[in-house]
Amino acid sequence: MKIVRRRAKELLKGTRHKALGIQLFITTTQLLVIGAEYAFFLRLPNVVTILLIFTLDLLLISPLKAGRNLYYYSLVTQNTDNFRLFFHFFGDQYQKSIAWRLRLWTLRLLLNVILCVPCSYLLYLSQRTERYGNNTISLIALAFFVVLMVFAFLITELLLLRYLPAGYLLTKVNTAKEAFRMAKQISKGNLQTILYIYLSFVGWCFLFPFILPFFYVEPLFQIECALLMADLISKNSKLFYPQHLKRHGNHGKIMNDF
């Protein structure tokens, strides 16, 4: 892992300003989406407001995050330092980036329903027993609810790590569905390695409220993920060889166009 960290820092030399620009662009767009809620949607029903916020986020942020993956993946695999790749998914592959992120949201929602809904019974039990004056049982049920909800969140995110390669496969396959199917196969037996990258950055999370550490660490995290994905995809290229063969010319053309 130290070798990966050293390689990531080397790749960031001379490109950190572009990495910073990418993260600033994404963060600013996300803040604008949140600002739209306060500027335009406050008078609307809550359900409509939430729906509009999710729609704006899906339409504006999805191609940016897919483009970020493409930029870093191209940087580590082809040494292509081209900022215009960040906007690639606003072109003819825009719908694919939307489908990719929508599928991620759907998977997260299904996992949350499966894991979190049973936990809600403890919250109901806590409120019920408190109503009848049994505060001890109410507090115990509430404590178990909080603990189980935290575990449910962690398990959900752990299961979703299996689909991390999908964001880097979008230019290699025809549909987001294929990217998810292949991502699951590529992650098989490698989930521990993917998780290790996330855990290696946990300590930095406590400094993120200070803002500046976030913009220093985020590019490093993204490029380490790209390095790992490039390695896993290269080792498992036979899984999607027919699709890769069809898309290789187009993918090469994408790089040459820029």
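The model shown is predicted, which means the values in this text are computed figures rather than measured ones. (Residues numbered from 1 in each chain as written. Predicted model: local features only at pLDDT ≥ 70, side-chain atom pairs only at ≥ 80, totals over all residues. Heavy atoms only, no water.)

## Here we look at the packing of helix α5 (residues 120-131) against helix α6 (residues 135-160)
One way to put it is that α5 packs onto α6 with a least axis distance of 8 Å and a crossing angle of 160°. With respect to each other, α5 and α6 are oriented roughly antiparallel. Once α5 is placed against α6, the crossing between them reads as left-handed. Residue-level contacts link S120, L122, L123, L125, S126, T129 and E130 of α5 to N135, I137, S138, A141, L142, F144, F145 and L148 of α6. (Axes fitted to C-alpha atoms, helices over the stretch in contact; angles between N-to-C directions. Helix = DSSP H or I, 4+ residues; strand = E, 2+ residues; numbered from the N terminus. Parallel < 35°, antiparallel > 145°, perpendicular 65-115°, else oblique. Left-handed = near helix turned anticlockwise from the far one by under 90°. Contact = heavy atoms within 4.5 Å.)

## Topic: the environment of L139
With respect to the helices and strands, the residue L139 is situated in helix α6. C-alpha of L139 to C-alpha of L125: the two residues are 14 residues apart in sequence and 9.9 Å apart in space.

## Structural notes on unusual backbone geometry
Not every positive phi belongs to a glycine, and N79 is a case in point at roughly 55°. Position of N79 among the secondary structure elements: in the loop between α3 (46-78) and α4 (94-116). For N79, a relative accessible area of 60% corresponds to the exposed category. (Buried < 20%, exposed > 50% of the residue type's maximum accessible area, 1.4 Å probe, protein only.)

## Overview of the packing of α3 against α4
When two helices pack together, you describe them by how their axes are tilted relative to each other and by the distance separating the axes. In the contact formed by α3 and α4, the axes pass within 8 Å of each other and the chain directions differ by 110°. Our classification of the angle between α3 and α4 gives roughly perpendicular. Residue-level contacts link F54, D57, L58, L59, I61, S62, P63, K65, A66 and N69 of α3 to Y94, S97, I98, W100, R101, L102 and W105 of α4. Here the contact of α3 with α4 is composed, by residue class, of 11 nonpolar, 3 polar and 3 charged. (Nonpolar A, V, L, I, M, F, W, Y, C, P; charged D, E, K, R; others polar.)

## What about a nonpolar patch on the surface?
Taken together, the side chains of L139, L142, V146, V150, F153 and L154 define a hydrophobic patch exposed on the protein surface, amounting to about 550 Å² of accessible area. Looking at the element boundaries, L154 is found in helix α6. We classify L154 as partly exposed; its relative accessible area is 47%. (Patch = residues over 30% accessible without salt bridge, like charges linked within 9 Å, V, L, I, M, F, W, Y side chains within 5 Å. Areas by Shrake-Rupley, 256 points an atom, 1.4 Å probe, with all protein chains shown as cover. Salt bridge = Lys/Arg side-chain N within 4 Å of Asp/Glu carboxyl O.)

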